[in-house]
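Chain by chain, the residues:
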Amino acid sequence: MVRTDYAYYFRPNSSFCSGLDKADWQKRIDGTYSITGNQLKMKFLNDGSEKIILLSVTGETGQSGAATFVRLNISTAVPNGFYKFVRSSSKADGFYFTDGKFKRTATLTTLSGGNANSGNGGSYSINQGQLDLKFDNGKTATYSLFTSPDKKQIVVINGDIYYLDEEEMAKHGDIAKPTTTTAAPIVTTTTTTKSNDILEAGMNLMKACNQTHGGKSLDALTSLKAVMNTNNLTLTMTADFNRQVVRLESSLQGNVILLEQMEGNSGWSFDGNGYVALSPQRVTELKRYLYCGILGLKAGVLEKSTATLQTTQYDLSSVMVTVNSVRAGYIINNKANKLEALIMVDPLSGTSTFTYSDYKKTNGIMLPYTEIMQSGKHAQTITYESYDINPSFPASSWAKPK
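Residues numbered from 1 in each chain as written. Predicted model: local features only at pLDDT ≥ 70, side-chain atom pairs only at ≥ 80, totals over all residues. Heavy atoms only, no water.

## Digging into the overall build of the protein
Then, in step 1: The helix and strand tally for the protein stands at six helices and 29 strands.
Then, in step 2: The buried share of the protein, taken over its 402 residues, is 47%.
Then, in step 3: Within the protein, contacts between residues separated by at least 24 positions form 44% of all contacts whose residues are at least 6 apart in sequence.
Then, in step 4: Working note: accessible area of the protein is about 20,000 Å², and carbon and sulfur atoms make up 49% of it. (Helix = DSSP H or I, 4+ residues; strand = E, 2+ residues; numbered from the N terminus. Buried < 20%, exposed > 50% of the residue type's maximum accessible area, 1.4 Å probe, protein only. Contact = heavy atoms within 4.5 Å. Areas by Shrake-Rupley, 256 points an atom, 1.4 Å probe, with all protein chains shown as cover.)

Structure below.
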C-alpha cells in the first residue's frame, strides 16, 4: 500500500507553502487560499489548479477526497519520543528526540535490537518551526517541523508525517516518554470493534441524515429535474427513480451540445452528429444521480445498501456505502446530521469529491444549491438554478433525438 502525505503551511496573509522540504519554506509561496464557511479553497500558482478542504466546525480537522487533514502549529519545542515515518517500500525513517539530543536511523531495524548508540546522532535546536540538527560527526541539517501540544502522537518533519512509536521508545532507557499520550486519535474506530457494530453505527448515521434532509418527503421522491450551471454551460438532469433512468443535457448559450442517457447498466450519448455507447465508467458516474448523495439517503436506497463507519473525527464522520455495485464515501456532520460531502472512487478516473453547501428546503427536502466537484487539484463549482420535485415524464421524454 502506497501512502501519500499532504502538508501545507498556511499563513495569516492568505498565502500557503506546499514545499515544506524546501530551505525557503518559511517565505516560499506556492499559492493562495480563502475560507468561506467551512470550505478552505486553495489556488496553486504553478498551474492555476484548485483544491477544496472541508473543515470541521472547530477547524481542527479537514477532509479532501480520501485525505484527512489535522491542524498543527509551528513548533517552538520538540516533544521527547521516537517518531517514525513508514514508506511504501517497508523502509522507514526514525527520529529520537530527548532533552536537546537526537538520534536518526534510515531503517527501524538499525536501532531495534541494537545498542543505544546505534545510528546517527547529535544535538538539536529549534526556532519558529526550523529544526537545526548538528551531528556528532560535524555535519548539519535543517528541517521544518510542525507539532501541537494536544496532538503529541504526530509530528510533521519536512512535510512527512511521523507517528509516535511507544514500543520502540521503550527499548531505550535514555529516551524519556512524553508526559502524556492521551491525545485524541485520528481514527476512533479500533480493530477490536465488531464488524456488526460498525455496520449498525454507519447505517444509524445514514438514517439520521435521512431525517435531516427530508425524511418522508425525501423517501417519496420518485422523479427529479434539476437545472444547474457550470463553466458557462447549463446542465439539465432528469431522473426517474422507478425506471432507473437518468438523462443529462448539456447546453451552451441555449444550444444543446451533448445529450447523455443511462438506463440500467448501459446508455448512449448524442452530440448532434451521431450516437456513441456510454463507457462503463460514464455509466457509473451517471448512477450517482440515482444512488448517491442526497438521493442515496432515501429509505428505499438505504434498504439495499451496506453502510460501514470508517472514521469519526471531532465533528465529522466518514461512512462507506455500497449499493448496486456503486461505492461512495459520505462525510456527515455529527452535530447537524447533515451531508457535507460525497467521495466517489473509480480505479480509472481516480477520486472525485463533491462538497455541498447553500442548502435550502424544496418541497420538504433539504437540497444543496451549490456543489463543488474536485478531482485531483482541479475544482469545478456547480450552481443549481432550480429543482422540480416529482414531475411527470411522458414516454417521449426518454426518446432518442432524430
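## Concerning the sheet that holds strand E5 (residues 50–55)
Whether parallel or antiparallel, the strands of a sheet pair through hydrogen bonds between backbone atoms.
Then, in step 1: In space, the seven strands of this open sheet follow the order E1-E2-E3-E4-E5-E6-E7, with antiparallel pairing throughout. At either margin of the open sheet sits one strand with a lone partner, and together these are strand E1 (9–10) and strand E7 (67–70).
Then, in step 2: Of the pairings in the sheet, the one linking strand E4 (residues 39–44) to E5 comprises five bridges and is antiparallel in character. Within E5, the residue paired with Lys-41 across the bridge is Ile-52. (Pairing = 2+ DSSP bridges.)

## Some points on the pattern of salt bridges
Then, in step 1: One pass over the structure, following the stated rule, counts seven salt bridges.
Then, in step 2: For Asp-30, the salt bridge is made with Arg-28, and the minimal N-O distance between the two is 3.0 Å.
Then, in step 3: According to the relative accessible area criterion, Asp-30 is buried, its value standing at 12%.
Then, in step 4: Judged by its relative accessible area of 27%, Arg-28 falls in the partly exposed class.
Then, in step 5: In this structure, Glu-263 engages Arg-243 in a salt bridge whose closest nitrogen and oxygen atoms are separated by 3.3 Å. Of this pair, Glu-263 sits in strand E20 (residues 255–263) while Arg-243 is found in the loop between strand E18 (233–240) and strand E19 (245–252), placing the two residues 20 residues apart along the sequence.
Then, in step 6: Classification of Arg-243 as partly exposed rests on a relative accessible area of 39%.
Then, in step 7: Within the structure, one salt-bridge network assembled from shared partners comprises Asp-24, Arg-28 and Asp-30. (Salt bridge = Lys/Arg side-chain N within 4 Å of Asp/Glu carboxyl O.)

## Some points on the confidence of the model for the protein
Then, in step 1: Chain-level statistics for the protein give a pLDDT mean of 82 and a share of 84% at 70 or above.
Then, in step 2: Ranking the helices and strands of the protein by mean pLDDT puts helix H4 (residues 216–219) first, with 97, and helix H1 (residues 108–111) last, with 36.
Then, in step 3: Ignoring residues within four places in sequence, the model shows residues 107–119, a span with pLDDT below 50, making 22 contacts including any to other chains. (pLDDT = per-residue confidence, 0-100.)

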